[in-house]
Amino acid sequence: MNFREKTFKAPAVKYFLFLLVVFGNLWIWRIFTLNFIVGTIVILSTYLILVSLKNSKLNKLLIICYLVLFLFSLKGFNLTNITKLDKQQEVLQIQRLKLYPPVKITIGTRTIWIPAAHWLEERPETLAFFRLQHNLGEVLDPNLYFFANHPNERVGITELEKFPYILLPLFLIGFFGINFRKNLNIIALGFVLPLIFLVVGNFPPNIEPFIIFPFIAACGVLGVEYAKSLVLKNKNSGVKIATTLVFILLYFLVVIQNFLSTKS
């Protein structure tokens, strides 16, 4: 094994990839700007998730970190009223109600009218279901994290391309590469609970939903590590180094593009 191969396989590369994903995005710097302590805990939580996934054990320090993050997230948090409509939604509801045809059942000489429109549009249970469905779809939308929420930009909110879009396929590789059955407790803490928190909560525009950052970043790191393992299978050390350098160059070009777009 020559010097270039040893360098490429050095443990330092592994930590470099971690630093690349965690710090190579605009979101972490926005979080640091809002609260330095939160930013530090978010980075530590990301690292602990990766360690816990590989050891299949829930680190006690990781639990403490998430408790702190949840406490910080309570600042500005408002429980979403999932049955209350604003003025615009009320207008849309009235328009939809007019589109429903009359529904009735005739039994002999008796006619029974069925308030289908009321059940589907005005019942609190129905409103709650569709509101939660909408919130869940918004939180799970990759556009929110990788494409500045385009084309669903929100009025009055400055959308941020939280992670470079070049990381999206690697994030998906990392996410689906996790053994969910084996790491159910980690998935619950790092993904499911923050997801529920964001779905039922309502945050002001100046509050970042940083509670979900560690899991997304950890999946990104796992995806990058998997891509690196594929590159390592190539016996040509020159190809390995060239592929790595091209990826890093493209990554930083995308980050610079994202940064410049926020200044325009």
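For the structure itself, look to the data block above.
Rules and cut-offs
- Residues numbered from 1 in each chain as written.
- Predicted model: local features only at pLDDT ≥ 70, side-chain atom pairs only at ≥ 80, totals over all residues.
- Heavy atoms only, no water.
- Helix = DSSP H or I, 4+ residues; strand = E, 2+ residues; numbered from the N terminus.
- Buried < 20%, exposed > 50% of the residue type's maximum accessible area, 1.4 Å probe, protein only.
- Contact = heavy atoms within 4.5 Å.
- Areas by Shrake-Rupley, 256 points an atom, 1.4 Å probe, with all protein chains shown as cover.
- Salt bridge = Lys/Arg side-chain N within 4 Å of Asp/Glu carboxyl O.
- Axes fitted to C-alpha atoms, helices over the stretch in contact; angles between N-to-C directions.
- Parallel < 35°, antiparallel > 145°, perpendicular 65-115°, else oblique.
- Left-handed = near helix turned anticlockwise from the far one by under 90°.
- Nonpolar A, V, L, I, M, F, W, Y, C, P; charged D, E, K, R; others polar.
- Polar contact = N/O pair within 3.5 Å; in protein donor to acceptor, adjacent residues only side chain to side chain.
- Core = buried A, V, L, I, M, F, W, Y, C linked by side-chain atoms within 4.5 Å.
- Phe/Tyr/Trp six-rings, centres within 6.5 Å; stacked < 30°, edge-to-face > 60°.
- Arc of directions from axis to C-beta.

Caption draft 1: Geometry of the overall build of the protein. The helix and strand inventory of the protein stands at 13 helices and four strands. Within the protein, the proportion of its 264 residues that are buried is 40%. A fraction of 70% describes how many contacts in the protein between residues 6 or more apart in sequence connect residues 24 or more apart. Total accessible area on the protein is roughly 15800 Å²; 68% of this is exposed by carbon and sulfur atoms.

Caption draft 2: Spotlight on the pattern of salt bridges. Considering all chains together, one arrives at one salt bridge under this definition. Taking the shortest distance from any N to any O, the salt bridge between Lys 54 and Glu 225 comes out at 3.5 Å. You can see Lys 54 sitting in helix H4 (residues 36-55) and its partner Glu 225 sitting in helix H12 (residues 213-232), a full 171 residues away along the chain. According to the relative accessible area criterion, Lys 54 is partly exposed, its value standing at 44%.

Caption draft 3: Quick peek at the packing of helix H8 (residues 124-140) against helix H11 (residues 184-200). With their axes 9 Å apart at the nearest point, H8 and H11 run at an angle of 125 degrees to one another. Of the possible angle classes, the one that applies to H8 and H11 is oblique. Handedness of the H8/H11 crossing: right-handed. Side by side, H8 and H11 meet where Leu 132, Asn 135, Leu 136, Val 139 and Leu 140 of the first sit next to Phe 191, Leu 195, Leu 198 and Val 199 of the second. Within the contact of H8 with H11, the residues separate by chemical class into eight nonpolar, one polar and no charged.

Caption draft 4: Structural context of the side chain of Ser 52. Mapped onto the elements, Ser 52 comes out in helix H4. Residue class for Ser 52 comes out buried when judged on its relative accessible area of 2%. Only 2.8 Å separates the side chain of Ser 52 from the backbone oxygen of Leu 48, close enough to count as a polar contact. Residues in contact with Ser 52, not counting those within four places in the same chain, are Lys 57, Leu 58, Asn 59, Leu 62, Asn 183 and Ile 186.

Caption draft 5: Representation of the nonpolar core within the structure. Counting residues in each nonpolar core, the largest one holds 58 residues, and the members touching the most others are Trp 27, Tyr 145, Phe 146, Phe 163, Leu 167, Phe 213 and Ile 216. At nine residues, the largest contribution of residues to this core is made by H12. Residues within four places of Phe 163 in sequence aside, it is in contact with Val 21, Asn 25, Trp 27, Tyr 145, Phe 146, Phe 213, Ile 216, Ala 217 and Asn 258.

Caption draft 6: Here's a closer look at the side chain of Asp 141. Inspection of the secondary structure assignment puts Asp 141 in the loop between H8 and helix H9 (142-146). Asp 141 gets classed as buried once you look at its relative accessible area, which sits at 17%. Side-chain polar atoms of Asp 141 contact the backbone nitrogen of Asn 143, separated by 3.1 Å.

Caption draft 7: The packing of helix H10 (residues 168-176) against H12, seen in detail. Interaxial distance between H10 and H12 falls to 7 Å at its minimum, and their mutual angle equals 95 degrees. Taken together, the axes of H10 and H12 lie roughly perpendicular to each other. Within the contact between the two elements, H10 uses Leu 170, Phe 171, Ile 173, Gly 174 and Phe 175 and H12 uses Phe 215, Ile 216, Cys 219, Gly 220, Leu 222, Gly 223, Val 224, Tyr 226 and Ala 227. Taken together, the residues of the contact of H10 with H12 break down into 11 nonpolar, three polar and no charged.

Caption draft 8: Focus on the packing of aromatic side chains. Counted under the stated rule, the structure contains 21 aromatic pairs. Between Trp 29 and Phe 32, the ring centres sit 5.9 Å apart and the planes meet at 40 degrees, which makes this aromatic pair tilted. With Trp 29 and Phe 32 both in helix H3 (residues 26-34), this residue pair falls three residues apart, about one helical turn. By relative accessible area, Phe 32 is classed as buried at 16%.

Caption draft 9: Examining H10 more closely. Taken together, the buried positions of H10 are occupied by Leu 168, Leu 170, Phe 171, Gly 174 and Phe 175. Seen along its axis, H10 keeps its buried residues to an arc of 160 degrees; they face one direction.

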